[in-house]
Amino acid sequence: MKKYRFYVLMLLGISALLSSCGNQGDGKSSSNGALSSTGAEKSYVAPGEHDEFYAFISGGYSGNITVYGLPSGRMFKEIPVFSQFPTSGYGYSEETKPMLNTSFGFVPWDDSHHPDISQTNGELDGRWIFINGNNTPRIARVSLSTFETEEIIELPNSAGNHSSSFITENTEYVVAGTRFSVPIPQRDMPINEYKGNFKGALSFISIAADNGRLNLEFQLIMPGFNYDLSHPGRGKSHGWFFFTTYNTEEANTLMEVNSSQNDKDFIAAVNWKMVEEYVKNGGGTKVPAEYAHNVYDEHTHTATSTMKKEVITVNPLDVPGAVYFLPTPKSPHGCDVDPSGQYIIGNGKLSADLTIHSFDKMIAAIEGKKFDGDAYGIPILKFEDVLAGVVKSGGLGPLHTEFDGKGNAYTTFFISSEVVKWELGTWEVLDRQPTFYSVGHLMIPGGNSAKPFGKYVVALNKITKDRYLPTGPELEHSAQLYDISGNKMELILDFPTHGEPHYAAGCPADLLAPNSKKIYRLDENKHPYAVLTPDQAKVTREGNEVHVYMSTSRSHFTPDNIEGVKVGDKVYFHITNHEQDFDFPHGFAMIGQNTSELLVMPGQTKTSLWEPKKVGVWPFYCTDFCSALHQEMQGYVRVSPAGSNVPLTYTLGD
Amino acid sequence: MKKASIIMIIGPLLLLGLFSFPLWNIILGAPQYPEPLGMNIHIDGIRDMNEFDLQNIDGLNHYIGMRSLPKPEDMWEFSTFPIVILGMVAVGVLVGLLGFLGKVSHKWFIGWFIVMSILGILGMYDFNAWMVDYGTNLDPNAIMKLENPDGTPMSYKPPLFGHAKMLNFDVTSLPAKGAWFMFTGMMLTVVAFFLGWKNRKSVQVKETTKFATS
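This one's a predicted model, so the numbers in the text were calculated from it and none came from an experiment.

Rules and cut-offs
- Residues numbered from 1 in each chain as written.
- Chains lettered and ligands numbered in written order.
- Predicted model: local features only at pLDDT ≥ 70, side-chain atom pairs only at ≥ 80, totals over all residues.
- Heavy atoms only, no water.
- Helix = DSSP H or I, 4+ residues; strand = E, 2+ residues; numbered from the N terminus.
- Rg over C-alpha atoms; globule rule 2.2 N^0.38 Å.
- Buried < 20%, exposed > 50% of the residue type's maximum accessible area, 1.4 Å probe, protein only.
- Contact = heavy atoms within 4.5 Å.
- Areas by Shrake-Rupley, 256 points an atom, 1.4 Å probe, with all protein chains shown as cover.
- Pairing = 2+ DSSP bridges.
- Axes fitted to C-alpha atoms, helices over the stretch in contact; angles between N-to-C directions.
- Buried area = accessible area lost by both parts, 1.4 Å probe.
- Salt bridge = Lys/Arg side-chain N within 4 Å of Asp/Glu carboxyl O.
- Polar contact = N/O pair within 3.5 Å; in protein donor to acceptor, adjacent residues only side chain to side chain.
- Nonpolar A, V, L, I, M, F, W, Y, C, P; charged D, E, K, R; others polar.
- Core = buried A, V, L, I, M, F, W, Y, C linked by side-chain atoms within 4.5 Å.
- Parallel < 35°, antiparallel > 145°, perpendicular 65-115°, else oblique.
- Domains from an automatic or database assignment.
- 1 Å grid on protein atoms, 1.4 Å probe; cavity = no way out; pocket = protein on both sides within 12 Å on 5 of 7 lines; lining within 4 Å.
- Points joined across faces, edges and corners; volume = space filled by probe spheres on them.
- Patch = residues over 30% accessible without salt bridge, like charges linked within 9 Å, V, L, I, M, F, W, Y side chains within 5 Å.
- Phe/Tyr/Trp six-rings, centres within 6.5 Å; stacked < 30°, edge-to-face > 60°.
- Lys NZ or Arg CZ within 6 Å of the ring centre and 35° of its normal.

Enquirer: Tell me what's going on with the overall build of chain B, and back it up with residues and numbers.
Expert: A count of helical and extended segments in chain B gives five helices and five strands. Counted from the first residue to the last, chain B has its helices and strands arranged as α-β-β-β-α-α-α-β-β-α. Relative to the compact-globule value of 17 Å for 214 residues, chain B shows a C-alpha radius of gyration of 23 Å, a clear excess of over 25%. Viewed in the frame of its principal axes, chain B has a C-alpha envelope of about 85 × 35 × 30 Å. When each of the 214 residues of chain B is scored for burial, the buried share is 42%. A separation of at least 24 residues holds for 66% of the contacts in chain B among residues at least 6 apart in sequence.

See below:
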């Protein structure tokens, strides 16, 4: 009995010890608030867990979009848009070459800038993401179920397609403005006759509600300023679009000085509903133009390119009341509209202050005809009459502003390298945090919509310097993630980004993840060269064109050995992946391929052109480690001299 | 006896659930299959748990020399089982109706249950025999020929009931919704038998008292 009592006491003692340890631990985490809210903890997404947000970050001169998770900063995918991408064969495969066709021929690259997610009633709906090619003016539409580029439309009369690609609140239009004014139509003329002769085109591209098809509806031909950035009105200002301008001086040389002389440039306010109505009633002028419209079909897995021959242009003076200029100080860059649609923010990049215009005041000024002259016949509203307020930031070089949906705005300052948080209405600065270094755009998920998700802001910097281990003279850019759920912004993560991110777009993960496609259905494959069952595999010859109808499944090509190919032939390998399982692509690579490998998703067909130049027996293989027998997934092509009589044969397993 | 007969009619009718729901379900999960593959065994064939599962199971099985999963026309069972089930339902309902009309006694109820149980056990035996054949009768030219530690060829017979580890896969085999309909239906016939048995006694007692008073 005594012994028993002793044991009980000992047990009690141990349990007391254990529980006190536990309490101690609890006490620590609750009392030491700073420890529990470290950046590591806030940005940590445990292995196997998923991020809360998707972030689509433009790649700038990579021409693409990269997909990240927030708050972890992990990169998930690079979506090829305007640039050839050997990883998947985009722009190299016969099916996707037409995607990069333009009126200048095949342009294998662009400078992608401003992604924007489709909206319904001003809120993100997650159907598509749009992005502009800045260099050879183009707008692309990317599916957010396949995360593949489905459509690219070129823009005539445009150059430096920068104030793009922003969409209206019901995805009626994706809007694209020209940064560089040019002669319209293009012609041979002296550059120093720029003033008054060059024009700036603002393009309105409609988006079909059912399939997203793009159509260039009209171009508003504006004075020859530089149209820098833009944003749609929303809510009460829905139907309007706002564009910042610089170089209202219309200088054409030593721009950095000559286009910075005017104390104020303009924000152009365009009533697009009015122009739309005008065009619907037969207004505008159909003028000859040449621009490519490239559409990728998910079922044929093939793109087609059509050259369009005309476009409707509209002279703003023909639609009185549709366009006004709002004077805005110091070469404004970003042009941002708050979630309510009431405030239009001009980020005067050469000043310390932000200029905020009021939509209500603008309408009142228009109704009261309070004009301060005109520019090429377009009325200029009086600065004081449209001004809602000025943010005296204390920073330098404001570029872009986003909103948290709680009445606050966040503005990047390139020169002073910081993000400044301020309050809409009072214009008071509430907080500021340094960025590393020289921040350009910033992004709050849904920040360009009526319903932002104000939990994080990503600052996308232009200069990296010492943020990461050095990698020679060329560095990736750096991004910082701030938690903005509290009163003060808190830097929680620093991560590198690919190419040069300009703008980005983000949305809650659950808007997209459930709709993300896992496979393409083989029974919906309408590719003309698809092989739907392995017994359909064959090799045919038409003159010097050899078509190989080939299927792949773990772990073989059907057929795997081909004879009868001759030097000088054009051999088209049409590869159909017969897998119908998530994440089982097969690759295809042929020795001496002058294009790129192919990465073929389950159920998909892709084609690679190979032009054999040497006699011999040449192997091909699967580039994606598809299975335990991936290394065995290979075949040979026997190449005979031109004019030889080796019959065309193909085999598998015999 | 009327209540017992109604239950006797309902019981066999529940077996019709086998025509809508799978009898058995086998799930194969592995590290690289966080969403497991699965097959649903219906009385008239094996079907996907999720679309393309059978194709993907076959794709994996070919490495170890297993044959493709049978199509309905490949096995006589898949055409015979539905007829047997339908027949047993008809007989069961008939027995119940006759019981209701007082033409047969409750002993027929348990009789139906015993016949159904024997058929069920035969079915399970047949199913197990197929799984043994499927899991051990392997292609001699299989890509991967794996052996047990004792040198005998590895077998890939899925468990009839419960869990087994097969290479990188966790295989779980359990009765599915259709089977629960069948078990419930069969149990109801047992209930019907007991009710009939109890009822018969009280009826007899009542009858004796009647005789005594008259």
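Enquirer: So what's going on with the overall build of chain A? Residues and values would help.
Expert: Within chain A, the regular secondary structure consists of eight helices and 46 strands. With the C-alpha coordinates aligned to their principal axes, the bounding extent of chain A is approximately 110 × 85 × 45 Å. Looking at the 654 residues of chain A, the share that counts as buried comes to 57%. A separation of at least 24 residues holds for 62% of the contacts in chain A among residues at least 6 apart in sequence. Here chain A displays about 26200 Å² of accessible surface, and carbon together with sulfur accounts for 55% of that area.

Enquirer: Which residues make up the sheet that holds strand β41 (residues 586-590) of chain A, and what are the values?
Expert: Residue and element names in this part refer to chain A. Taken in spatial order, the six strands make up an open sheet running β42-β41-β44-β45-β39-β46, and their pairing is mixed. Here the strands that pair on one side only, and so sit at the sheet edges, are β42 (598-600) and β46 (649-651). On average, each strand axis in the sheet is tilted by 25° relative to the strand beside it, whichever way the strands run. In this sheet, strand β45 (residues 634-640) lies alongside strand β39 (residues 561-566) in parallel orientation, the contact comprising four bridges. Among the inter-strand pairings, V565 is bridged to a residue of β45, identified as V639.

Enquirer: So what about the interface of chain A and chain B? Which residues, and what values?
Expert: With 11 residues of chain A at the interface, the matching set in chain B holds 10 residues. In this assembly, chain A packs against chain B so that about 900 Å² is buried in total across both faces, 45% of it on carbon and sulfur atoms. Of all residues in chain A, the largest losses of buried area upon contact with chain B belong to R554, Q580 and L629 of chain A, amounting jointly to 47% of the total for that side. Our count for the contact surface shared by chain A and chain B stands at two salt bridges. With a shortest N-O distance of 2.6 Å, R521 of chain A and E51 of chain B are connected by a salt bridge. The interface formed by chain A and chain B includes seven residue pairs in polar contact (both at pLDDT 80 or more). A per-class count over the side of chain A that touches chain B returns three nonpolar, four polar and four charged.

Enquirer: Could you give an account of the side chain of H477 of chain A, naming the residues involved and the relevant values?
Expert: All names here are of chain A. Within the fold, H477 resides in strand β33 (residues 477-483). Accessibility expressed as a relative area gives 8% for H477, which makes it buried. A polar contact of 3.4 Å, which involves the side chain of H477, links it to the backbone oxygen of K462. Residues in contact with H477, not counting those within four places in the same chain, are Y61, N461, K462, T464, Y468, F495, P496, T497, G499, E500 and P501.

Enquirer: Which residues make up the nonpolar core, and what values go with them?
Expert: Counting 49 residues, the largest nonpolar core has I26, I46, L69, M116 and W130 of chain B as its most contacted members. Within the residue set of this core, elements represented by two or more residues are α1 (2-14), β1 (24-30), β2 (33-42), α2 (53-61), α3 (77-100), α4 (107-136), β5 (169-175) and α5 (177-213) of chain B. If you tally residues by element for this core, the top one is α4 of chain B, at eight residues. Not counting residues up to four positions away in its chain, the partners in contact with I46 of chain B are M39, N40, I41, L54, L69, P70, F78 and W130 of chain B. In terms of nonpolar packing, the next biggest core, distinct from the first, is built from 28 residues, L220, L229, V319 and V323 of chain A among them.

Enquirer: Residue-level account of the packing of α1 of chain B against α3 of chain B, with values.
Expert: All names here are of chain B. Packing of α1 against α3 brings their axes to within 8 Å, and their N-to-C directions diverge by 170°. Taken together, the axes of α1 and α3 lie roughly antiparallel to each other. Of α3, the residues touching α1 (which contributes K2, S5, I6, M8, I9, P12 and L13) are V89, G92, V93, V95, G96, L97, G99 and F100. Residue classes in the contact of α1 with α3 are distributed as 10 nonpolar, four polar and one charged.

Enquirer: Give me the domain arrangement of chain A: which residues, what numbers.
Expert: Residue and element names in this part refer to chain A. Taken domain by domain, chain A consists of domain 1 (53-515) and domain 2 (522-651). Of note, the centres of domain 1 and domain 2, computed from C-alpha atoms alone, are 42 Å apart. Across the contact, 13 residues belong to domain 1 and 16 residues belong to domain 2. Between domain 1 and domain 2 the total buried area reaches about 1200 Å² when both faces are included, carbon and sulfur atoms providing 50% of it.

Enquirer: If you had to explain the layout of surface pockets to someone new, which residues and values would you point to?
Expert: Approximately 1500 Å³ is the volume attributed to the largest pocket. The set of elements that each furnish at least two residues to the lining of the largest pocket consists of β1 (53-58) and β3 (75-79) of chain A. Broken down by element, the residue count for the lining of the largest pocket peaks at four residues, all from β3 of chain A. A class-by-class count of the residues in the lining of the largest pocket yields 19 nonpolar, nine polar and 10 charged. Taken domain by domain, the makeup of the lining of the largest pocket includes at least three residues from each of domain 1 (53-515) and domain 2 (522-651) of chain A. If you trace the second largest pocket, you find 42 residues lining it, with D581 of chain A together with Y33, L37, L60 and F169 of chain B closest to the centre. Secondary structure elements with two or more residues in the lining of the second largest pocket: β1, β2, α2 and β5 of chain B. Of all the elements, β2 of chain B adds the most residues to the lining of the second largest pocket, at six residues. Grouping the amino acids of the lining of the second largest pocket by side-chain chemistry returns 27 nonpolar, seven polar and eight charged.

Enquirer: Any chance you could break down a nonpolar patch on the surface for me, citing the residues and the numbers?
Expert: On the surface, V84, I114, V115, I118, L119 and L122 of chain B cluster together into a nonpolar patch covering about 480 Å² of accessible area. The element contributing the most residues to the nonpolar patch is α4 of chain B, with five residues.

Enquirer: So what about the pairing of strand β4 (residues 162-166) of chain B? Which residues, and what values?
Expert: By the bridge criterion, five bridges tie β4 of chain B to β5 of chain B in an arrangement that is antiparallel. Considered in β5 of chain B, the bridge of H163 of chain B is made with T172 of chain B.

Enquirer: I'd love a proper account of the packing of aromatic side chains, names of residues and values included.
Expert: All names here are of chain A. Following the criterion strictly, the structure yields 41 aromatic pairs over all chains and no others. Ring geometry for F225 and F325: centres 5.7 Å apart, planes at 50°, overall tilted. Of this pair, F225 sits in the loop between β14 (214-223) and β15 (226-232) while F325 sits in strand β20 (residues 323-329); the two residues are 100 residues apart in sequence, bridging distant segments of the chain. Residue F225 is classed as buried on the basis of its relative accessible area of 2%. Taking 6.0 Å as the distance between ring centres and 85° as the angle between the ring planes, the aromatic pair formed by F557 and F588 counts as edge-to-face. Residue F557 is found in strand β38 (residues 556-558), and its partner F588 is found in strand β41; the two are separated by 31 residues along the sequence. Through successive ring pairs, a cluster of aromatic residues spans Y173, F204, F218, F241, F243 and W272. Note that K199 overlies the ring of Y376, its terminal NZ or CZ placed 5.6 Å from the centroid. Over the aromatic face of Y549 sits the side chain of K538, whose NZ or CZ is 4.7 Å from the ring centroid.

Enquirer: Hey, could you go over unusual backbone geometry for me, with residue numbers and the actual values?
Expert: A negative phi angle is the norm for most residues apart from glycine, just as the trans form is the norm for most peptide bonds. In this structure, the amide linkage connecting S164 of chain A to the following residue, S165 of chain A, adopts the cis form with an omega of -10°. With respect to the secondary-structure elements, S165 of chain A resides in strand β10 (residues 163-167). Here F436 of chain A and Y437 of chain A are connected by a cis peptide whose omega angle stands at -15°. Relative to the assigned elements, Y437 of chain A resides in the loop between β30 (429-434) and β31 (439-443). Unlike most non-glycine residues, S417 of chain A shows phi in positive territory, near 55°. With a relative accessible area of 13%, S417 of chain A lands in the buried category. For F52 of chain B, which is not a glycine, the phi torsion comes out positive at approximately 75°. The exposure class of F52 of chain B is buried, given its relative accessible area of 14%.

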